[in-house]
Amino acid sequence: MVACWNEKKVCFDKSLFMVFAYSIALLTFIGVIIFWTLFHSRRVYVAPYYGRIQIDIAEAVARLSRVIQFKTISNDSVQHIDGDEFKAMHDYIEESFPLIHQYLKKEVINEFSLLYTWEGSNPELKPMMLTCHLDVVPVEPGTEKDWEFPPFQGQVTDEFVYGRGTMDVQSGVMAILEATEALLKQGATPERTIYLGFGHDEEIDGEFGAREISALLEQRGVSLEFLVDEGLPVVSQLIKGVNSPVALVGVAEKGYLSIELTAESDGGHSSVPQGKTAIAKLGEAINKLENNPMPARIDPLARSTFYALAAAMPVPFRFIFANIWFFKGLLKRVLTSIPHTDASIRTTTAATIFESGVKDNLIPTLARAVVNFRLHPSDTIDDVVNHVRKTIQNPEISIVCRSGFINPSKVSDTKCVAYETVRKSIREIFPEVTVTPSLMVGATDARHYANISERIYRFSPLRASQDDLDRVHGTNERISIHNYTEMIQFYSRLLVHGSKINESDSAELQIQVNQSEVETVKV
């Protein structure tokens, strides 16, 4: 009896211990979840900057309108560029910004690109650089009638400026020049040398514009502290649950690869087929590739993006985004179900060309397809080629990389003064936004400057809703006058912070807020 009682007591003690242990583990788990949620709920407050540069926005808008009227179109080849339009734009820029052309060194690169140098007073400081491009994409034939105003008229209304280039990205070129001219007018002088680079063929890969500017600077031994190129905008309604606008700063850029697949088979009359056709073989290969994409990854860059977004999200979503270590599987399933977010966490696969056959009753002997891949920074060209071979597993399919492939860029540092300079400049002009590092899924001129800078940031101070994003390269491209003012002010702050411009003599550039309001923490 005693032995039985003792045995029951031991079992009870063990059960009690297990309950206690599980309770401690559960409380610890809950505590960790709450801790990381609170940790990533912190928001660094930067007060709005009230001492903005003085500009006549009506005149600035008129200059932007005039620039939109130059048809600096990049078609499929640099041979088809209208050089007269670019040269006319150059002349107008020189006429419109006299102080820039008085105090900065101007160089014309490869006939149509521009490079300006604003010498700093301290040669010990590495230079900084701002870049955008002068060219625009053509208007799709047949869509001209869908525009509210002709695309190269530069129409100004009470609220907007319409025209090709207002978003991508002549507004960026002009805003940089307006900010520089205004600072010169106020007598500002930089400590750090500043380069302004404007390529003429970004829309067709930048081979003769940005790449030549970069090569020239490298030849001169220039190594940049940081570079800011066009890039991701200030987006509202980015993700369901994120109510505040989000400023996406591209700290990396996807790579680019097109693979040509070719299949052959016996031809003949369609009434007597000779087994699997070339079209069937190639269709099967493409189906395998699209149904077996490269793996999705929640890598350190994706984590930093989601951690930054967590503070702007309602509590249920904040728990998930702040605790990726636990909800990684769930988050990945959700992200891969949405095309835009899926593209940010994996190398994407898209069949873009399929050619075969010349007559409906003739079996073709050859089928050709092109599959385009946008490479995630975790992958390389070799990784993609190996993936294609293993996925197709058909020696009868020829696999060839087309020319023009580019490996993904390196990921720029976000824990440095350069990134903080960009972030602070954004928050001073867009105080309500959440700033987050992000991956640029498209290609920009920024990749051509990787040889002279390890810190490259891609950001456009352009406000855009999801609907507005369709206007880029599309119909009814436009920018609000208010946003164009913000763009000019942003670049002025970036120049001031980034170059350590001496602003002690410019009353308009003095911070008009209590310093105690800056860098306080909100939970």
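Before reading further, recall that the structure is shown in the block above.
Residues numbered from 1 in each chain as written. Predicted model: local features only at pLDDT ≥ 70, side-chain atom pairs only at ≥ 80, totals over all residues. Heavy atoms only, no water.

Account for the overall build of the protein, with residues named and values stated.
Counting its regular elements, the protein contains 15 helices and 18 strands. Going through the 523 residues of the protein one by one, you find that 51% of them count as buried. For the protein, restricting intrachain contacts to residue pairs at least 6 apart in sequence, the fraction spanning at least 24 positions comes to 81%. Counting only carbon and sulfur atoms, one obtains 54% of the accessible surface of the protein, whose full area is about 24,800 Å². (Helix = DSSP H or I, 4+ residues; strand = E, 2+ residues; numbered from the N terminus. Buried < 20%, exposed > 50% of the residue type's maximum accessible area, 1.4 Å probe, protein only. Contact = heavy atoms within 4.5 Å. Areas by Shrake-Rupley, 256 points an atom, 1.4 Å probe, with all protein chains shown as cover.)

For the sheet that holds strand E11 (residues 348-356), give the residues involved together with the corresponding values.
Within the open sheet, the four strands sit side by side as E11-E13-E9-E14. Their pairing is antiparallel. Both outer strands of the open sheet, E11 and strand E14 (398-401), are each paired with one neighbouring strand and no more. For this sheet, the mean inter-axis angle between neighbouring strands, taken without regard to orientation, is 20°. Relative to strand E13 (residues 366-375), E11 is paired through eight bridges, and the arrangement is antiparallel. (Pairing = 2+ DSSP bridges. Axes fitted to C-alpha atoms, helices over the stretch in contact; angles between N-to-C directions.)

How would you summarise the pairing of strand E16 (residues 456-464) if you had to cite specific residues and measurements?
The element E16 is extensively covered by neighbouring structure, given that eight of its nine residues are classed as buried. The sheet contact formed by strand E7 (residues 226-235) and E16 spans six bridges and is parallel. In the strand pairing of E16, Val 234 is matched with Arg 463.

Give a detailed account of the nonpolar core, specifying residues and quantitative values.
Note on soluble globular proteins: their nonpolar side chains tend to be buried together. Leu 130, Phe 198, Val 249, Ile 426, Tyr 457, Tyr 484 and Tyr 491 are the most contacted members of the largest nonpolar core, which totals 71 residues. By size, the runner-up hydrophobic cluster in this structure holds 22 residues, among which are Ala 285, Leu 289, Val 384 and Val 385. (Core = buried A, V, L, I, M, F, W, Y, C linked by side-chain atoms within 4.5 Å.)

I'd like a rundown of helix H3 (residues 83-96), residues and numbers included.
In this model H3 runs 20 Å from its N-terminal to its C-terminal C-alpha over 14 residues, within 8% of the 20 Å that 1.5 Å per residue would give. Within the span of H3, buried status applies to Gly 83, Phe 86, Met 89, His 90, Tyr 92, Ile 93 and Ser 96. Looking at the buried positions of H3, the neighbouring elements they touch are helix H2 (57-68), helix H4 (98-103), strand E2 (105-109), strand E3 (113-118) and helix H5 (170-185). (Expected span 1.5 Å × (residues − 1).)

So what's going on with helix H6 (residues 210-219)? Which residues, and what values?
Within H6, burial applies to Ala 210, Ile 213, Ser 214, Leu 216 and Leu 217. Angularly, the buried residues of H6 cover 160° about the axis, an arc narrow enough to put them on a single face. The elements touched by buried residues of H6 are E2, E3, strand E4 (128-133) and strand E6 (194-199). Two residues or fewer past H6, Gly 221 is found with a positive phi of approximately 80°. (Arc of directions from axis to C-beta.)

Now, about the side chain of His 200: what can you tell me, with residues and values included?
Counting through the fold element by element, His 200 comes out in the loop between E6 and H6. Its relative accessible area of 3% is what places His 200 among the buried residues. Within the structure, the side chain of His 200 is placed 2.6 Å from the side chain of Ser 113, a separation counted as a polar contact. Sequence-distant contacts of His 200, defined by excluding residues within four places in its chain, comprise Ser 74, Ile 81, Phe 86, Asn 110, Phe 112, Ser 113, Asp 135, Phe 208 and Gly 209. (Polar contact = N/O pair within 3.5 Å; in protein donor to acceptor, adjacent residues only side chain to side chain.)

Any details on a nonpolar patch on the surface? Residues and values, ideally.
Taken together, the side chains of Leu 330, Val 334 and Ile 338 make up a nonpolar region of the molecular surface, amounting to roughly 220 Å² of accessible area. Position of Leu 330 relative to the elements: it lies in helix H10 (residues 324-336). A relative accessible area of 36% places Leu 330 in the partly exposed class. (Patch = residues over 30% accessible without salt bridge, like charges linked within 9 Å, V, L, I, M, F, W, Y side chains within 5 Å. Salt bridge = Lys/Arg side-chain N within 4 Å of Asp/Glu carboxyl O.)

Mind laying out the pattern of salt bridges, listing which residues take part and the relevant values?
All chains considered together, the criterion is met by 22 salt bridges. Measuring nitrogen to oxygen at the nearest pair gives 3.4 Å for the salt bridge that ties Glu 225 to Arg 455. Taken as a pair, Glu 225 in the loop between H6 and E7 and Arg 455 in the loop between strand E15 (434-440) and E16 lie far apart in primary sequence, 230 residues in all. According to the relative accessible area criterion, Arg 455 is partly exposed, its value standing at 25%. Within the structure, one salt-bridge network assembled from shared partners comprises Asp 205, Glu 253, Arg 447 and Arg 458.

Describe the environment of Leu 335, and please don't skip the residues or the numbers.
Among the structural elements, Leu 335 can be located in helix H10. Taking the C-alpha atoms as reference points, Leu 335 and Ile 345, 10 residues apart in sequence, are found 8.1 Å from one another. Apart from the residues lying within four places of it in its own chain, the contact partners of Leu 335 are Ile 298, Phe 306, Thr 341, Asp 342 and Ile 345.

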